[in-house]
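An overview of the molecular structure
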Amino acid sequence: FDMEYVYSTYILERAALAGALIVNDPAALRDMNEKVYTAWFPDCTPLTLVTRSMREMKDFVAEHERVVVKPLDGMGGRSIFVVHAGDPNSNVIFETITESGERFAMAQQYIKEISEGGDKRILLIDGQPYPHALARIPAPGDNRGNLAVGARAEGRELTARDRWICERVGPVLREKGIIFAGLDVIGDYLTEINVTSPTGIRELERFFGDNIAGLLFDAIEARL
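The text that follows walks through the structure, step by step, so that each part is easy to find. All values reported here derive from a predicted model rather than from experimental measurement.

On the secondary structure map, Asp 218 appears in helix α7 (residues 212-223). Along the backbone, Asp 218 and Ile 125 are 93 residues apart, and their C-alpha atoms lie at a distance of 9.6 Å.

Looking now at the layout of surface pockets. In this model, the largest pocket occupies a volume close to 1,200 Å³. Taken together, 50 residues line the largest pocket, and the ones lying closest to its centre are Lys 35, Gly 74, Met 75, Glu 192 and Asn 194. Mapped by element, the contributors of at least two residues to the lining of the largest pocket are α2 (26-31), β2 (66-71), β4 (105-109), β5 (119-125), β7 (132-137), β9 (180-186) and β10 (189-194). Class assignment for the residues of the lining of the largest pocket results in 21 nonpolar, 15 polar and 14 charged. The space that makes up the second largest pocket amounts to roughly 170 Å³. Lining the second largest pocket are Arg 52, Pro 71, Leu 72, Asp 73, Thr 96, Ile 97, Glu 99, Glu 102, Arg 103 and Phe 104. In terms of residue class, the lining of the second largest pocket is built from four nonpolar, one polar and five charged.

Rules of the game
- Residues numbered from 1 in each chain as written.
- Predicted model: local features only at pLDDT ≥ 70, side-chain atom pairs only at ≥ 80, totals over all residues.
- Heavy atoms only, no water.
- Helix = DSSP H or I, 4+ residues; strand = E, 2+ residues; numbered from the N terminus.
- 1 Å grid on protein atoms, 1.4 Å probe; cavity = no way out; pocket = protein on both sides within 12 Å on 5 of 7 lines; lining within 4 Å.
- Points joined across faces, edges and corners; volume = space filled by probe spheres on them.
- Nonpolar A, V, L, I, M, F, W, Y, C, P; charged D, E, K, R; others polar.

Any functional reading would require information beyond the geometric quantities listed.
Structure representation (structure tokens):
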């Protein structure tokens, strides 16, 4: 996500005004940072801090003892750190993640369920969840539930809490023109809302044999 990306959304938005259906809505792609937009649903998320202040990050870790910090523009598990209170590496992590206080970054309270339940990817098609989640279990010795860095995939039924989160988030995304999204849920908490390039369709299709891509194209066709 850089300025060329932003310029592309301007052009696509003009195409939308001329009658083209753009998936996903270009204005929503600009407005809905995949990390920060979780703040619109605070009842669904772990305790979260978005800041450029290294002092605020230190205080957040001291208060909550174990925290995940990550950049706002990362993907695929890059530059995600777990920081413990008293960690001698914390200063250099905060300096790296904020570029010495020049860039915003996110800190979230660590959710212990990541080690067993994994980081669940829930696909939303036009605001409605596919009824199974892709659980991505971190590799031994790692905290990241990303397939790109060696996590193991499992198919799971959605829990009642998963469905409640989808009921909160799905209608808002649909209203904003997000036809295809991927929610990341750890334990009972929403951690990210992926709207740029959500993954997981192929893995879920292999587990459950459904044509999820077909469901997406049906939803697109219904809007034409």
